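Chains, contacts and geometry: an overview
Each chain is listed here by its residues.
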Amino acid sequence: MRMPTAIKLHKASRTLELAYGSERYQLGAEFLRVHSPSAEVQGHGKPILQYGKLNVALSRVEPAGNYALKLCFDDGHDSGLYTWDYLYQLATRQEQLWADYLQQLAAAGKSRDPDESVVRLML
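This one's a predicted model, so the numbers in the text were calculated from it and none came from an experiment.

Moving on: the nonpolar core. Ranked by internal contacts, the top residues of the largest apolar core, which has 19 residues, are Leu16, Leu32, Leu58, Leu71, Phe73, Tyr82 and Leu87. Secondary structure elements with two or more residues in this core: strand S2 (15-20), strand S3 (23-28), helix H1 (29-34), strand S5 (68-73) and helix H3 (84-92). Not counting the four nearest positions on each side in its chain, Leu71 is found in contact with Leu16, Leu32, Leu58, Arg60, Val61, His77, Asp78, Gly80 and Tyr82.

Following the criterion strictly, the structure yields five aromatic pairs and no others. Geometrically, the ring pair formed by Tyr20 and Tyr25 is edge-to-face, given 6.0 Å between the ring centres and 70° between the ring planes. Since its relative accessible area comes to 5%, Tyr20 is described here as buried. When its relative accessible area of 17% is taken as the criterion, Tyr25 is described as buried. With 6.1 Å between their ring centres and 40° between their planes, Tyr82 and Tyr86 make a pair best called tilted.

Another point: the UniProt feature "domain: Gamma-butyrobetaine hydroxylase-like N-terminal" (unreviewed entry) in the protein. Per the UniProt annotation, the sites labelled "domain: Gamma-butyrobetaine hydroxylase-like N-terminal" (unreviewed entry) are residues 7-88. Between the first and last C-alpha atoms of residues 7-88 the distance is 12 Å; the span itself is 18% helix and 39% strand.

On to the pairing of strand S1 (residues 6-10). Looking at chain direction, S1 and S2 are connected through five bridges and run antiparallel. Paired with Ala6 across the two strands is Ala19, which belongs to S2. A loop of four residues connects S1 with S2, the two strands running antiparallel in sequence, and Arg14 in this loop sits at a positive phi of about 55°.

All right, on to helix H4 (residues 94-108) then. For H4, with 15 residues, the first-to-last C-alpha span of 21 Å sits near the 21 Å given by 1.5 Å per residue. The inward-facing, buried residues of H4 abut H1 and H3. In the stretch just after H4, Gly109 is the one whose phi turns positive, near 70°.

About the criteria used
- Residues numbered from 1 in each chain as written.
- Predicted model: local features only at pLDDT ≥ 70, side-chain atom pairs only at ≥ 80, totals over all residues.
- Heavy atoms only, no water.
- Core = buried A, V, L, I, M, F, W, Y, C linked by side-chain atoms within 4.5 Å.
- Buried < 20%, exposed > 50% of the residue type's maximum accessible area, 1.4 Å probe, protein only.
- Helix = DSSP H or I, 4+ residues; strand = E, 2+ residues; numbered from the N terminus.
- Contact = heavy atoms within 4.5 Å.
- Phe/Tyr/Trp six-rings, centres within 6.5 Å; stacked < 30°, edge-to-face > 60°.
- UniProt positions renumbered as here; feature names shortened; annotations may be inferred.
- Pairing = 2+ DSSP bridges.
- Expected span 1.5 Å × (residues − 1).

Rendered as structure tokens:
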């Protein structure tokens, strides 16, 4: 289990900073929201693509026992418990996970922007 040595919520930049000794990771609120471990997002084994979360922010971070964090987002989502292992996986695989997410959005014709609809033309 990789437990962070420091956790900081930066509301202005909408990021969660995790430190593991000298290693530091900045995880954006949108990234954390679309990768929530909640049943609402994970869909009981069949993940449900989250979209329109570009402007989401973290409103609070709460400890969940000695094994996880409960992240509360300003869109009302607060049901995911981010275990220490899951947070470390998100931090260390962030680049690939984000690229995969953007690819899934494009394939589904969805957008990160909640005020934008993607129109797919049939040529």
